[in-house]
Amino acid sequence: MAAPRDRQRGGGDVPRRSAAPTAERATPPQTVLVQIRALLPSLPPSERRVAEAAIADPVGVAGKTISELAAECSTSETTVVRFCRAVGLKGYPDLRIKLASAAGSEDSGLAWSSAGSDIGPGDSLADVVGKLGFADARAVEDTIAQLDLNVLQRAIDEVVGASAVDLYGVGASALIALDFQQKLHRIGRRASAWPDPDGALTSAALLGRGDLAIGISHTGATTDTVAALGEAWDNGATTIAITNFPRSPIAGVADHVLTTAVRETTFRSGAMSSRIAALTLVDCLFVGVAQRNYSRTTRALERTYTAVHRRRSPQ
């Protein structure tokens, strides 16, 4: 594992995940809307108006000239071009093509206008179940579609090569951290999940070069998680952030950023979907680590299964 660089909090040479898709595979058309939603909170107001227009009516925006869209959003053509580049596109023609394709993709199968709409007070239980199921399934699909395999590969390398692995998260993210800890322990890799903020900071303060810290926060702005990851980062440990927003505060103290792709809806079902999406991402990371020493992994899984099964079996 490469030694951490000489870094300064709040900028320095912290690598950021590019908004452009990885070159290793074709990008599914719906990914452009995923990217726009993820970047929305970090965009300046003028670009945010363009983003909101694209999300609200991708087909309509795809049919407009750049002048028409700029006028509709009370901004300039230069701002529209700047927005296109912010989401990893070459220019406005590229945006129009991607939006048209994305709209067709989202309208296929279960239509977002019905199954993917917000939950309302008049919805039946069947409607609620269908909408939540759709939101969870789409969160997983979108997360996998936009996952940067290059970043994932580097994250796997870091876990494999780390002397110690810390996992930080609070609330629902703490459950994801604990799940990852349990998975790693089952294959003989020691990791520590710290759901308590003071415990997380204490552990982070003792990390150093050769160690790894992973912070999990859907918003990327959870103060306790950002603080713990920042402490580990300041002490020279390699850091990984798992978040839905690649330009959120947690990215500022992360060497590698892995992103989920979840839409917020009524009753915080977006937050529920974020858990499903993050668990899927953690599974990808875990399996990549487990593959590195397949025979060791299978032996460890067999031993742990036997130990638990023996306890449950009648004597």
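Please read all numbers here as calculations on a predicted model, not as lab measurements.

Please clarify how helix α11 (residues 223-234) should be interpreted in this entry.
Because an α-helix completes one turn every 3.6 residues, residues spaced three or four positions apart along the sequence face the same direction. Over its twelve residues, α11 extends 16 Å from the first C-alpha to the last, a length consistent with the 16 Å expected when each residue adds 1.5 Å. Considered for burial, the residues of α11 that qualify are T225, V226, A228, L229, G230, A232 and W233. G236 occupies a position one or two residues after α11 and carries a positive phi of about 95 degrees.

Explanation requested: the nonpolar core in the structure shown.
When a protein is soluble and globular, its nonpolar side chains tend to lie buried together. With 29 residues, the main nonpolar core has L167, F180, I214 and L258 as its most contacted residues. Of all the secondary structure elements, the ones that give two or more residues to this core are α8 (149-161), β1 (165-168), α9 (172-186), β3 (212-216), β4 (238-243) and α12 (269-291). In terms of residue count, the dominant contributor to this core is α12 (seven residues). Sequence-distant contacts of I214, defined by excluding residues within four places in its chain, comprise V159, V165, D166, L167, Y168, F180, L229, I240 and I242.

Teacher, can you tell me more about the packing of helix α1 (residues 31-39) against helix α2 (residues 45-56) here?
Pairs of packed helices are described in terms of their axes, by the angle between the two and the distance that separates them. Contact pair α1 / α2: the axes reach a minimum separation of 10 Å and the direction vectors enclose 140 degrees. The angle between α1 and α2 falls in the class oblique. In this structure, α1 meets α2 at a crossing whose hand is left-handed. Residue-level inspection shows L33, I36 and R37 of α1 in contact with α2, the latter providing A51, A54 and I55. Looking at the contact of α1 with α2, its residues break down into five nonpolar, no polar and one charged.

What counts, and where the lines are drawn
Residues numbered from 1 in each chain as written. Predicted model: local features only at pLDDT ≥ 70, side-chain atom pairs only at ≥ 80, totals over all residues. Heavy atoms only, no water. Helix = DSSP H or I, 4+ residues; strand = E, 2+ residues; numbered from the N terminus. Expected span 1.5 Å × (residues − 1). Buried < 20%, exposed > 50% of the residue type's maximum accessible area, 1.4 Å probe, protein only. Core = buried A, V, L, I, M, F, W, Y, C linked by side-chain atoms within 4.5 Å. Contact = heavy atoms within 4.5 Å. Axes fitted to C-alpha atoms, helices over the stretch in contact; angles between N-to-C directions. Parallel < 35°, antiparallel > 145°, perpendicular 65-115°, else oblique. Left-handed = near helix turned anticlockwise from the far one by under 90°. Nonpolar A, V, L, I, M, F, W, Y, C, P; charged D, E, K, R; others polar.

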